[in-house]
Each structure stands twice: as C-alpha cells, then as structure tokens.
Amino acid sequence: MSYQLNDKLASLVPYQPISGEYKIRLDANESYLNLADVFAERFANVVANLDFNRYPDPYAVKLCKIFAERYSLSPDFITASNGSDEIIGVIVASFLKKGETMLTLAPDFSMYGFYGEMYECKVETLNKEDDLTINADTVLQTLKNTKARLFIFSNPCNPTSLGLSREDVLKIIQGTDALVVVDEAYMDFWDQSILNTASEYDNVIVLKTCSKAMGAAAIRLGFAIANKTLTNAMSAAKSPYNVNALTQAVGEVILSDKTLLQRQVKDILNSKNALQASLCAMAKEKSDIIKVYNSCTNFIFIKMVDAKSVYAALLKKSIAVRCMGQYLRITAGSDEENKELLKELNHILQ
Ligand SMILES: *Cc1c(COP(=O)(O)O)cnc(C)c1O
C-alpha cells in the first residue's frame, strides 16, 4: 500500500522564484527602496511592545482604519489579508462554487488561474489583443458566453505593464452580473483607480498590496476593498487570525506615514521613466529588441527575438530579471542597478 496524491496535486510544482544569490534583483517588481532605512527605530519599538502571547486582532481594525485614511475610504469597506495572494485564494474558494466558471485574461498574473484550478472551478482564459491591450466589449461578451461568475484581472497588468482606463473598467463592472475583482497592485504608479467608487457597486472587489509601491513585500500585507455585503462575506470566509501581530504593528507604522507612498512613487517612477527611455533608445539600435511596451507600472515589459538567452546571459552577470516566453520583464531598480543592467544589455544584444 502506498499513499497517492490526487491528480490536482500530483501535477503541481512549488512556486519557484529565482533562487541563488544575485548582485542585482530586478525580477520580482519589488520596490528598490528599503523601509528599514526610514523606520528601523519605530519598527523596533512596536515589535518590542507586542503581546507575543496573545492572538492578533482578527479583523486588524486599527490597521484597516489607517489604510482607509491613507486612501480616503471608509474603514467599513476594508479587509486586511496576508498579502493579496491570500485574499485572492479566499475569494476564489468562497465566491465560486465547485465547477462554476471564472474568467481570466492571458497574459496576466498567474496566481488567479492557479487558485481557480486548486478550488476546482472552471477557468476560462481570454487572450488579450495582439498588442496586449484589453477590449472591454470582448470581455463582456466572453463573460456572457462562458456564464462566468467571477472575472479577475490586474490593472495595470503584471506582466504586460499596460493599463485599462477607469472608464473601461467601470463599463465591464456595469455590464455584467459576475463578480469583478480588480487587482490594483500597481495602481499607485498610475491614475486610473476605481478604489474610491468600488463600494458603490454590488459586484466589485478591488485588491491593494503593500508589496509594491509601499515597499513592504517582506511583511505580507494586502487589502480588499468592497461594499459592506462583500466585505462581511470575506471576513467570514478568511481564516480568523490571518494577519499576524508583527505585520499589523509594522503595517500601522508604515501606513501612518502620510507622505511615504508619495515619496516612494516619485522616486520609483523617476527610475522607471529613465529606464524606459534608455531601453527605447537601445531598441532603435538593437534588432534583438522587438518592442518596449509603454509602462504604467514600476517595471518594463519587452518583446525580444530571443528572451531566454538574454535572460541567461544577464544571470551570468549576476543580474536577475524575469523571462516569460518571448518577453523580458524588468523591474525598475536604483540608478546604479539600472546603469549596470543597461551596460550589460548593451554588451549582450545585437
Ligand atoms: C505582486 C502582485 C501582487 C501582490 O501580492 P502580495 O501577495 O500582496 O505580495 C498581487 N497581484 C499582482 C498582479 C502582483 O503583481
């Protein structure tokens, strides 16, 4: 006798971020600014004063209140989560019943489909247009055809770096009975958020994360914003103490800084814009680059003749970027990191 994994697990492989030590990490869309430089003392202080023997606040009330203030929202519409990854799983597991259909786009963030499969939903995937944009009418038609109960997508998109206008997002929301989950992980870098109107709809959840513009990927903290009914449903469906006390305490310190986000976004966008301009200039001289997409995020998406070998050549120089089929996705780094990347790319590319 031997134990057999079921077939949905047997074919799964653990998520594998790039492993190994690399001098320059531009592969995971993190902020290149380290918050410890600003907050070390305050972090030490709140951690030293924690009740380590007690469970954390199950609803992270204080943290949600501070997040709500930061984005001018009502705290009633906010659910905190252990990274947005966790709440994506909770939403798929609880708002869909087994066998019901969810619609995703391709290319888009791979975790959506992952949770769909895991929770035994039917995952339908609509390919984006040839230029990697999203057509709102096509999405609406596909929602109708597939009878999808849930539509989830990132805006702006990881990995394409492109955004869908607020007008088009609202058109989709208003044109369907499906639950629309808008993952605004990168929206701090762009200006087409629907955050301030999300709670007015009965079929919208907006996701935010502290992992990108906020520069706090280490603490695993995300938020879902939705009307009271959906917020209550998420609170009931999530595990009780999902956001640990260390994260709540440190998150409160970070989100209490009224201008942090603004400062970080300004620096990161300066880096991104400079990198984008340099890569566009390089594309004019190097036939290895097919297209540099116009980024609404903190990373650049590039179509290459042979992305895989460029990726491997960069790794040899201890520079990690992300390779996705015929594309490279490169996170904007510090000035020195960008300079080093451009220097090596200049050597590698024809
Ligand atoms: C990085 C990212 C997230 C953030 O996930 P966390 O679990 O909060 O770190 C969510 N959605 C997209 C599209 C991302 O790229």
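Residues numbered from 1 in each chain as written. Predicted model: local features only at pLDDT ≥ 70, side-chain atom pairs only at ≥ 80, totals over all residues. Heavy atoms only, no water.

### Quick notes on the pattern of salt bridges
Cut-off, in case you're wondering: Salt bridge, as used here: a side-chain nitrogen of Lys or Arg that lies within 4 Å of a carboxyl oxygen of Asp or Glu. Secondary structure elements follow DSSP: runs of H or I of four or more residues count as helices, runs of E of two or more count as strands, with numbering from the N terminus. For each residue, the accessible area found with a 1.4 Å probe, counting protein chains only, is set against the maximum for its type, and the residue is called buried under 20%, exposed over 50%, and partly exposed in between.
This model, assessed by the stated rule, comprises 12 salt bridges. We note a salt bridge from Lys 8 to Glu 120, for which the minimum N-O separation is 2.6 Å. Of this pair, Lys 8 sits in helix α1 (residues 7-10) while Glu 120 sits in the loop between α5 (111-118) and β4 (122-127); the two residues are 112 residues apart in sequence, bridging distant segments of the chain. Among the residues examined, Lys 8 registers a relative accessible area of 30% and is labelled partly exposed.

### Brief notes about the site of the ligand
Stated formally: Nearness is judged by heavy atoms alone; a residue qualifies as near a molecule or strand once a single heavy atom is within 4 Å of it. For this analysis, a polar contact is any N or O atom pair within 3.5 Å, provided that within protein one partner can donate a hydrogen and the other can accept it, and provided that sequence-adjacent residues contribute only side-chain to side-chain pairs. Only the protein chains shown count as cover for residues, with accessible areas throughout obtained via the Shrake-Rupley method and a probe of 1.4 Å.
Residues in contact with the ligand amount to 14 residues; listed here are only the nearest, Asp 183, Thr 209, Ser 211, Lys 212 and Arg 220. Contact between the ligand and Tyr 186: an oxygen atom at 2.7 Å from a side-chain N or O atom of the residue. Contact between the ligand and Lys 212: an oxygen atom at 3.1 Å from a side-chain N or O atom of the residue. If the ligand stood free it would expose 390 Å²; the protein chains cover 93% of that surface. For the shell around the ligand, the element with the most residues is helix α4 (residues 83-95), which contributes three residues.

### Structural notes on the packing of aromatic side chains
Rules: Geometry of aromatic contacts follows a simple scheme: Phe, Tyr and Trp rings, the Trp one being its six-membered ring, pair when their centres are within 6.5 Å, and the pair is stacked under 30 degrees between planes, edge-to-face over 60, tilted otherwise. Remark: a charge is flagged as sitting over a ring if the NZ atom of Lys or the CZ atom of Arg is within 6 Å of the ring centre and within 35 degrees of the ring normal.
The final tally for this structure, using the stated rule, is 12 aromatic pairs. Taking the centre distance of 5.8 Å and the plane angle of 45 degrees together, the rings of Tyr 293 and Phe 301 count as tilted. Each member of the pair, Tyr 293 as well as Phe 301, is classed as buried. Every member of this aromatic cluster is reached through a ring pair, and the members are Phe 67, Tyr 71 and Phe 223. Over the ring of Tyr 293 we find Lys 291, and its NZ or CZ is 5.1 Å from the ring centre.

### Describing the pairing of strand β7 (residues 204-209)
Convention followed: Strands pair, by our definition, only if DSSP identifies at least two bridges between them.
The element β7 is largely enclosed, with a buried count of six among its six residues. Here β7 shows no split at all, with Val 204, Val 206 and Lys 208 on one side and Ile 205, Leu 207 and Thr 209 on the other all buried. Across four bridges, the pairing between strand β6 (residues 179-183) and β7 is parallel. Within β7, the position partnered with Asp 183 by the bridge is Leu 207. Across five bridges, β7 lies against strand β8 (residues 222-226) in antiparallel orientation. Residue pairing for β8: Val 206 is matched across the bridge by Ile 225.

### Side note on the UniProt feature "domain: Aminotransferase class I/classII large" (unreviewed entry) in the protein chain
Defined as follows: UniProt positions are given in the numbering used here, feature names are shortened, and annotations may be inferred rather than shown by experiment.
With numbering matched to this structure, UniProt assigns "domain: Aminotransferase class I/classII large" (unreviewed entry) to residues 23-344. The straight-line gap between the two end C-alpha atoms of residues 23-344 is 13 Å; of that span, 41% is helix and 18% is strand.

### Overview of helix α3 (residues 61-70)
For the record, the criterion: Two residues qualify as a contact provided that any one of their heavy atoms is within 4.5 Å of a heavy atom in the partner residue.
What α3 keeps buried is the set Leu 63, Cys 64, Ile 66, Phe 67 and Ala 68. Contacts from the buried residues of α3 go to β2 (78-81), β7, β8 and α9 (245-256). Taken from the residues just after α3, Ser 72 is the one with a positive phi, measuring 50 degrees.

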